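Now for the letters of each chain:
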Amino acid sequence: MNSKVLMIIILVILVLGYFYVSSLPSQQPTPTPQPTQPTQQTNVKGVQIGPRVKSSNCQINGPLQDKDCTPGAIDPSLTKDVICNSTFTTKSVRNVPSAEKRQVYEEYSITSHQPGQYEVDHLISLELGGSNDIANLWPEPAEPRPGFHEKDAVENYLHKQICNDSISLANAQQEISSNWLQIYQSAPNIINNGM
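Residues numbered from 1 in each chain as written. Predicted model: local features only at pLDDT ≥ 70, side-chain atom pairs only at ≥ 80, totals over all residues. Heavy atoms only, no water.

(A) Highlighting the overall build of the protein. Within the protein, the secondary structure is distributed over 6 helices and 5 strands. Along the protein, helices (α) and strands (β) appear in the sequence α-β-β-β-α-α-β-β-α-α-α when read from the amino end. Pairs at least 24 apart in sequence give 68% of the contacts found in the protein among residues at least 6 apart. Entry remark: accessible area of the protein is about 12200 Å², with carbon and sulfur atoms responsible for 55%. (Helix = DSSP H or I, 4+ residues; strand = E, 2+ residues; numbered from the N terminus. Contact = heavy atoms within 4.5 Å. Areas by Shrake-Rupley, 256 points an atom, 1.4 Å probe, with all protein chains shown as cover.)

And the structure:
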């Protein structure tokens, strides 16, 4: 076969191949799926446990928060591995500016108070994976007892239970956000003795 004929055959094959490929439907790259929106409300500081339907006229319910104002919120980055690590401290994640604390008091219609009468408390404590979001903050009274001191003991107790695999992090978060007092009343001696 002569080299000119061979060149013509190769050229014809290339041209036919080009037209064949051009006639195929264009293959668009498969779009990367966008993450779906979570079913719970989210914001920069955390994921809310329930809907926050009020931000004014909130009422403290004895030793409990107004669930419509303070449903609780978690920080998804504070996993069991993080909070149970011996190097973890709540100081490293605590970030509640004074303006946010003032807003919490305003939402609960507390215009003045004595030092130690209330503390702006994390409903789900940071040691239980709670968030600094306002949906997780409320002015918890010290009195009548049980008050914020007793709740601190419940938080410490639950933290130990999580790290000992006696309760899951999610269950502890749900229990403390729904009614921390019930946990306290179920075993006050064990909780207060730090066991």
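Moving on from the coordinates now.
(B) The arrangement of the nonpolar core in detail. Within the largest apolar cluster, 35 residues are counted, with the highest numbers of intra-cluster contacts made by Val 154, Leu 158, Ile 162, Ile 176, Trp 180 and Ile 191. Broken down by secondary-structure element, the contributors of at least two residues to this core are helix 3 (98-107), strand 4 (118-122), strand 5 (137-141), helix 4 (148-163) and helix 5 (169-186). Examining the composition of this core, we find that 7 residues originate from one element, helix 5, more than from any other. Residues within four places of Ile 191 in sequence aside, it is in contact with Ala 153, Val 154, Tyr 157, Ile 183 and Tyr 184. (Core = buried A, V, L, I, M, F, W, Y, C linked by side-chain atoms within 4.5 Å. Buried < 20%, exposed > 50% of the residue type's maximum accessible area, 1.4 Å probe, protein only.)

(C) Inspection of the packing of helix 4 against helix 5 at higher detail. At a closest axis distance of 10 Å, the pairing of helix 4 and helix 5 adopts a crossing angle of 150 degrees. When the axes of helix 4 and helix 5 are compared, the pair comes out roughly antiparallel. Our pair here, helix 4 against helix 5, has a crossing hand that is right-handed. Taken together, the residues of helix 5 that come into contact with helix 4 (itself represented by Glu 150, Lys 151, Val 154, Glu 155, Tyr 157, Leu 158 and Ile 162) are Leu 169, Ala 172, Ile 176, Trp 180, Ile 183 and Tyr 184. (Axes fitted to C-alpha atoms, helices over the stretch in contact; angles between N-to-C directions. Parallel < 35°, antiparallel > 145°, perpendicular 65-115°, else oblique. Left-handed = near helix turned anticlockwise from the far one by under 90°.)

(D) Up close: the state of the cysteines. Considering all chains together, one arrives at 2 disulfides under this definition. With a sulfur-sulfur separation of 2.0 Å, Cys 58 is cross-linked through a disulfide to Cys 69. Linking Cys 58 and Cys 69, the disulfide has an S-S dihedral of approximately -95 degrees and is accordingly described as left-handed. Taken as a pair, Cys 58 in the loop between strand 2 (46-48) and strand 3 (73-74) and Cys 69 in the loop between strand 2 and strand 3 lie far apart in primary sequence, 11 residues in all. A relative accessible area of 1% places Cys 69 in the buried class. In this model, Cys 84 is linked to Cys 163 through a disulfide, with the two sulfur atoms separated by 2.0 Å. (Disulfide = S-S within 2.5 Å.)

(E) Summary view of the pairing of strand 5. By the criterion of burial, strand 5 is predominantly enclosed, with 5 of the 5 residues buried. Neither face of strand 5 is exposed, since Leu 137, Pro 139 and Pro 141 on one face and Trp 138 and Glu 140 on the opposite face are all buried. Relative to strand 5, strand 4 is paired through 5 bridges, and the arrangement is antiparallel. Each bridged residue has a counterpart across the sheet, and for Asp 121 the counterpart in strand 5 is Trp 138. (Pairing = 2+ DSSP bridges.)

(F) Spatial organisation of the environment of Val 120. Relative to the helices and strands, Val 120 resides in strand 4. For Val 120 and Arg 102, which are 18 residues apart along the polypeptide, the C-alpha to C-alpha distance reads 9.1 Å. Setting aside residues up to four positions removed in sequence, Val 120 forms contacts with Lys 101, Val 104, Tyr 105, Leu 137, Trp 138 and Pro 139.

(G) Up close: the packing of aromatic side chains. The full count for this structure, using the stated rule, is 2 aromatic pairs. Aromatic side chains Tyr 105 and Tyr 118 sit 6.3 Å apart centroid to centroid with 75 degrees between the ring planes, which places their arrangement in the edge-to-face category. Of this pair, Tyr 105 sits in helix 3 while Tyr 118 sits in strand 4, and the two are 13 residues apart along the sequence. In this structure, Tyr 105 and Tyr 118 share a single accessibility class: buried. (Phe/Tyr/Trp six-rings, centres within 6.5 Å; stacked < 30°, edge-to-face > 60°.)

(H) Looking closely at the pattern of salt bridges. Under the counting rule described, the total for this entry stands at 7 salt bridges. One salt bridge connects Lys 54 with Asp 66, and the closest N-O pair in it is separated by 3.0 Å. In this pair, Lys 54 is assigned in the loop between strand 2 and strand 3 and Asp 66 in the loop between strand 2 and strand 3, connecting sequence segments 12 residues apart. Note that Lys 80 is salt-bridged to Asp 165, the shortest N-O span being 2.1 Å. Of the two residues, Lys 80 sits in helix 2 (residues 80-83) while Asp 165 sits in the loop between helix 4 and helix 5, which places them 85 residues apart along the sequence. By relative accessible area, Asp 165 is classed as exposed at 58%. (Salt bridge = Lys/Arg side-chain N within 4 Å of Asp/Glu carboxyl O.)

As far as function goes, none of this settles anything; it's purely spatial.
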